[in-house]
Amino acid sequence: MTSLGGRHNSGIHRIALLLPVAAVLLFSCSSTKHVPDDRYLLQGYKLRLDNKMIDKKELVTYVKPKPNKKILGMRFYLGLYNLSTKDKDNGFFNRWFRKIGEEPVIYDQFDTEKNNKQIRLYLRNKGYYYPEVSDSVRFRKQKAHVGFDITTGTPYIINHISYTFEDSTIRQLVLADTASSLIRSGSLFDTDLLQEERARIESRLNQNGYFNFSKEYIYYRADSLRLSRQVDLYIFFRNYIIRDPEENYTEGPHRKYHINKVSVYLDYDPKLALVNIDDFVTGLTSTRYDGFDFLYTGDPKTNPAIVAQSIFIFPGEEYNIRNVQQTYKHLSSLRIFKLVNIEFSEPDSSSQYENGTYPLDCNIQLAPLTLQNYTVELTGTNSSGNFGVAGNLNYQHRNLFRGAENFSFGIKGAIETLKESYDRGYGNMVEFGFESRITIPKFLLPFRHESFIRKYRPKTNFSIAYNYQRRPDYTRTLANTTFGYTWRGNVFNTHFVNPLEINLVRLPHTTDDFWDYIRDTYLEHSFEDKLIQAVSYSFLFNNQDIQKMTDFFYLRYHAESSGLLLSYAGMMGGNKNQNNRYQLLGTEFSQYIKSDLDFRYYRIIDQLSSMVFRVFAGAAWPYGNSIAMPFEKQYFSGGANGLRAWQVRNLGPGSYLETIPSSYPNKTADIKLEGNFEYRFKLFWLLEGAIFADAGNIWAIRPEDDREGALFQWDKFYREIAVGTGFGARMDFTYFIFRLDLGIKIKDPAMPVGQRWIPGTRGFMRDDFQLNLAIGYPF
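None of these values were measured; they are calculated from a predicted model. (Residues numbered from 1 in each chain as written. Predicted model: local features only at pLDDT ≥ 70, side-chain atom pairs only at ≥ 80, totals over all residues. Heavy atoms only, no water.)

Chemist: Teacher, can you tell me more about the overall build of the protein here?
Modeler: Per the secondary structure count, the protein includes 14 helices and 32 strands. Out of the 779 residues in the protein, the part that is buried amounts to 45%. Considering only intrachain contacts with a sequence separation of at least 6, the fraction spanning at least 24 residues in the protein is 64%. When the accessible area of the protein is evaluated, it comes to approximately 40,500 Å², of which 55% is carbon and sulfur surface. (Helix = DSSP H or I, 4+ residues; strand = E, 2+ residues; numbered from the N terminus. Buried < 20%, exposed > 50% of the residue type's maximum accessible area, 1.4 Å probe, protein only. Contact = heavy atoms within 4.5 Å. Areas by Shrake-Rupley, 256 points an atom, 1.4 Å probe, with all protein chains shown as cover.)

Printed below as a string of structure tokens:
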């Protein structure tokens, strides 16, 4: 990500002033510019209902056509269209405005009459068979405002429910689950619920062996009396329709199936199988493992054991659609197959067994992904006005030991030109490092139980990394190794536990100027050589459904502790240095506890716009062998993903203000509170827009911190909340999003009391604007 601001960008102020001017030009055109003189622009609909039980939001979706779309209350797309002239072929820009804009939606009396009927039909489906719907139109300034006054009347209520089965074999199974029924005596006669009840019963039977049962075998009959508004509902279940090889159809009881055999094709090739399935199968080698038949060419490229633990369809068990869904989900989560397909077929000589079930063969077709890939990246960088270049070489193997082990190795190098301080000129930052990671789709010791693997999809993670960074003021190295577990609690939440994380941080070189800057300050303790042995736990909740445009929540909780075991080792060894702190292998170890919470609510307004609310709160406490938190574990604010009106690590802590401007990283602390709001909307082509507001700050937790105003205090922290706002543009390239956000300071806690709110106190200056470039959404 990139932040361009302050003294490094003199054009930001002009951009902030030009964008509102462009908006004025866009919407200065008359909204009825392209509306014929004898016609009216459809301004909108207003529905007035006398019944709060009706979902007005759902009812509005049946009213068409929709008025021209709005963004922030303005018809943005119509405004773009109105920038064109009435001559369609008058130049490139004229055609372009017409293409990306939206032509005016014209009022038509026929549409109003049609909507009247649609509203009546909707209410009828909800049980209100005799509503009164009157429409009216108000014309003003060549615009039409359409209104509907709706009186629903008395609804029809279900009085009695009766079940009739042509096939008595499914009677007990259906009636035993009527407590879960969506329709009950006394409920509205809602035809939408009737359809949902058919789907529920279908799922119930599919989960209990009835592979061929579908909701088409269920139909309703309703007897009603208009005066009483009572409905007697009859639910009928048809017999199973059987088709023989001669295309003759007969009726009989619904068949209950059990799984006969399961065949797993590890190297399934859809193209070869389509040409001649018999030749494809004949050339395969077969191995039986854990009751499954595995078929493959040559040697198996994937260990059958790792695939078997992801299969929930077992020979001898009843057919259950949930087991099929679980198998799809778990096999896909291995991420080594580009195709997962499950087919069922009845054996040619199928006959009923003594237990009353029929055999069903299962074929699981798995087409493997390309297992190895290399990527080489060369990118330009721009971090807080510092330009440079970075390169990455990455290697990935998705199936390293044939057990779906995902292995990756990456090498990174970068060089940036840094402006060291306001009077010292420029220098270079050189960085290189590597990271190696392997993920195994099961728990290694001490957890190995197969039932746990099937239920929670656990993974074991190993990683090792090294980073070298040489700046003009200091040289820093970081070596890291991590061992941990990941597993799914349910469809919405995931758990992460790292019982072992070791970081070795060293500063082998510092300049005299930098050392003089931090000497005898609280910051000095954050730049000492440290050994960090941490244990951490994280919980992630996300109920987003990517197939539906519905609101969703995101919650991440993280807790971390360091140095507890090493403290016992230090006390037993009694090895203290001249600072009276324990050390191991010649390096002091850190002791701290840390915990934070990140909560987000995504409000989906429509297909074009959404709102995102975010709250972050975190705190860390150094103790025992540590006076200050390690620099890598401290909180910071500002930048493209925080308070965007400030550069990264350039806000706080508290009301602290550097008396001598410096580029040394001093804006970190132990407590962080942050709140964000963002309104996102699609513009045209790949372009999206956003308006945002950010608030928050960081604070020190220990009184030893000698930065004036940095300490968190309950009676004043709320007066030290920084506030920023702004707007942004994003380009959605499907695979990634390029983001440009302009942040504007509204309240700066570093200013004296009485001067912190910029509006009403002084005019905006260049330093009050911050331009951020980044990849992806901020949250």
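Chemist: Where do I start with the sheet that holds strand β2 (residues 41-49) in this structure?
Modeler: Hydrogen bonding along the main chain pairs the strands of a sheet, whether they run parallel or antiparallel. The strand order β2-β4-β3 describes an open sheet built from 3 strands, whose pairing is mixed. With one partner strand each, in any of the chains shown, β2 and β3 (132-140) form the two edges of the open sheet. When the angles between neighbouring strand axes are averaged without regard to direction, this sheet yields 20°. Judged from the 9 bridges that link them, β3 and strand β4 (residues 143-151) form a sheet pairing that is antiparallel. Residue pairing across strands places S136 opposite G147, the latter belonging to β4. (Pairing = 2+ DSSP bridges. Axes fitted to C-alpha atoms, helices over the stretch in contact; angles between N-to-C directions.)

Chemist: I'm lost on the packing of aromatic side chains in this one. Help?
Modeler: Geometry of an aromatic ring pair is reported as the spacing of the ring centres plus the angle between the planes. With the rule as written, the count across this model stands at 51 aromatic pairs. Ring geometry for F211 and F344: centres 5.5 Å apart, planes at 55°, overall tilted. Pair noted here: F211 is in the loop between α7 (191-206) and β6 (218-225) and F344 is in strand β13 (residues 337-345), with a separation of 133 residues, a long-range link. Overall, F211 belongs to the partly exposed group, its relative accessible area being 24%. (Phe/Tyr/Trp six-rings, centres within 6.5 Å; stacked < 30°, edge-to-face > 60°.)

Chemist: How do you make sense of the nonpolar core when you look at a structure like this?
Modeler: Generally speaking, a soluble globular protein has its nonpolar side chains buried in company with each other. Membership of the largest hydrophobic core comes to 51 residues, with the highest contact counts inside it found for F237, V264 and V307. The element that contributes the greatest number of residues to this core is strand β14 (residues 357-368), accounting for 5 residues. The next biggest cluster of nonpolar side chains, apart from the first, holds 16 residues, and it includes L42, V146, F148 and I150. (Core = buried A, V, L, I, M, F, W, Y, C linked by side-chain atoms within 4.5 Å.)

Chemist: Quick question: what am I supposed to make of helix α5 (residues 109-125) here?
Modeler: An α-helix turns once per 3.6 residues; consequently, residues spaced three or four apart project the same way. Relative to the 24 Å expected for 17 residues at 1.5 Å per residue, α5 spans 25 Å between its end C-alpha atoms, a close match to the ideal helical length. Among all positions in α5, only T112, N115, N116, I119, Y122 and L123 are buried. For α5, the angular spread of the buried residues around the axis is 130°, confining them to a single face. Exposed residues on α5 whose side chains face more than 90 degrees from its buried face are F110 and K117. Buried residues in α5 make contact with β2, α2 (56-60), β3 and β4. (Expected span 1.5 Å × (residues − 1). Arc of directions from axis to C-beta.)

Chemist: Mind showing me how you'd approach the sheet that holds β14 here?
Modeler: Strands sit in the order β11-β12-β10-β14-β13 across an open sheet of 5 strands; the sheet is mixed. Of all the strands in the sheet, the pair left with one neighbour each is β11 (285-289) and β13. Each neighbouring strand pair of the sheet contributes to a mean axis angle of 25°, computed without reference to strand direction. Relative to strand β12 (residues 292-296), strand β10 (residues 256-265) is paired through 3 bridges, and the arrangement is parallel. The residue of β12 that forms the bridge with V264 is F294. Packing against the sheet, helix α11 (residues 321-333) makes contact with β13 and β14, and its axis sits at approximately 160° to β13.

Chemist: Help me understand a nonpolar patch on the surface in this model?
Modeler: Where nonpolar side chains cluster on the molecular surface, the patch consists of V376, L393, I411, F432, F434, I464 and Y466 and spans about 630 Å² of accessible area. Of all the elements in the fold, those that place two or more residues in the nonpolar patch are β18 (426-440) and β19 (459-470). Tracing the sequence through the fold places I464 in strand β19. (Patch = residues over 30% accessible without salt bridge, like charges linked within 9 Å, V, L, I, M, F, W, Y side chains within 5 Å. Salt bridge = Lys/Arg side-chain N within 4 Å of Asp/Glu carboxyl O.)

Chemist: Explain the pattern of salt bridges to me, please; I cannot follow it from the model alone.
Modeler: Two side chains with opposite charge may pair up if their charged atoms get near one another. This model, assessed by the stated rule, comprises 38 salt bridges. The salt bridge partner of E674 is R614, with a shortest N-O separation of 3.0 Å. Of this pair, E674 sits in strand β28 (residues 671-684) while R614 sits in strand β27 (residues 609-622), and the two are 60 residues apart along the sequence. Like R614, E674 is buried.

Chemist: Help me understand the environment of N498 in this model?
Modeler: With respect to the element layout, N498 can be found in strand β21 (residues 493-510). For the pair N498 and S536, spaced 38 residues apart in sequence, the C-alpha to C-alpha distance is 5.2 Å. Residues in contact with N498, not counting those within four places in the same chain, are T482, F483, G484, Y485, A534, V535 and S536.

Chemist: Would you take a moment to explain the confidence of the model for the protein for this structure?
Modeler: Where the model shows low pLDDT, its predicted coordinates should not be examined in detail. Averaged over all residues, the pLDDT of the protein is 86; the fraction at 70 or higher stands at 90%. Contacts for the low-pLDDT stretch residues 5-19, under 50 throughout, to residues beyond four places or in other chains number 30 contacts. For residues 420-425, every residue scores under 50 in pLDDT, and the model assigns this stretch 13 contacts once sequence neighbours within four places are set aside. (pLDDT = per-residue confidence, 0-100.)

Chemist: Help me out: how do you make sense of the side chain of T112 in this one?
Modeler: Relative to the helices and strands, T112 is located in helix α5. Once residues lying within four places of it in the same chain are set aside, the contact partners of T112 are Y107, D135, V146 and F148.

Chemist: How do you make sense of unusual backbone geometry when you look at a structure like this?
Modeler: Excluding glycine, residues mostly carry a negative phi; peptide bonds, for their part, are mostly trans. Of note, the amide linkage connecting K64 to P65 takes the cis form, showing an omega dihedral of 0°. For P65, the location among the structural elements is in the loop between α2 and α3 (76-82). The phi dihedral of R229 falls on the positive side, at around 55°, and the residue is not glycine. Taking the relative accessible area as the measure of exposure, R229 reaches 18% and is therefore buried. For A404, which is not glycine, the phi torsion reads 65° and is therefore positive. Tracing the backbone shows A404 in the loop between β16 (386-397) and β17 (406-419). In this structure A404 comes out as buried when scored by relative accessible area, which is 5%.

Chemist: Explain a positive patch on the surface here, please?
Modeler: A contiguous patch of positive charge, built from K46, K56, R138, R140 and K141, is present on the exposed surface. Tracing the backbone through its elements, the reader meets K56 in helix α2. Classification of K56 by relative accessible area gives partly exposed; the value is 39%. (Lys, Arg positive; Asp, Glu negative; His and termini not counted. Charge placed at Lys NZ, Arg CZ, Asp CG, Glu CD.)

Chemist: Looking at this model, I keep getting lost on α11. Mind explaining?
Modeler: In this model α11 runs 19 Å from its N-terminal to its C-terminal C-alpha over 13 residues, within 8% of the 18 Å that 1.5 Å per residue would give. Here α11 has its buried residues at N323, V324, T327, H330, L331 and S333. Two or three places before R322, at the start of α11, stands the capping residue N320, its side-chain oxygen 2.9 Å from that residue's backbone nitrogen. (Polar contact = N/O pair within 3.5 Å; in protein donor to acceptor, adjacent residues only side chain to side chain.)

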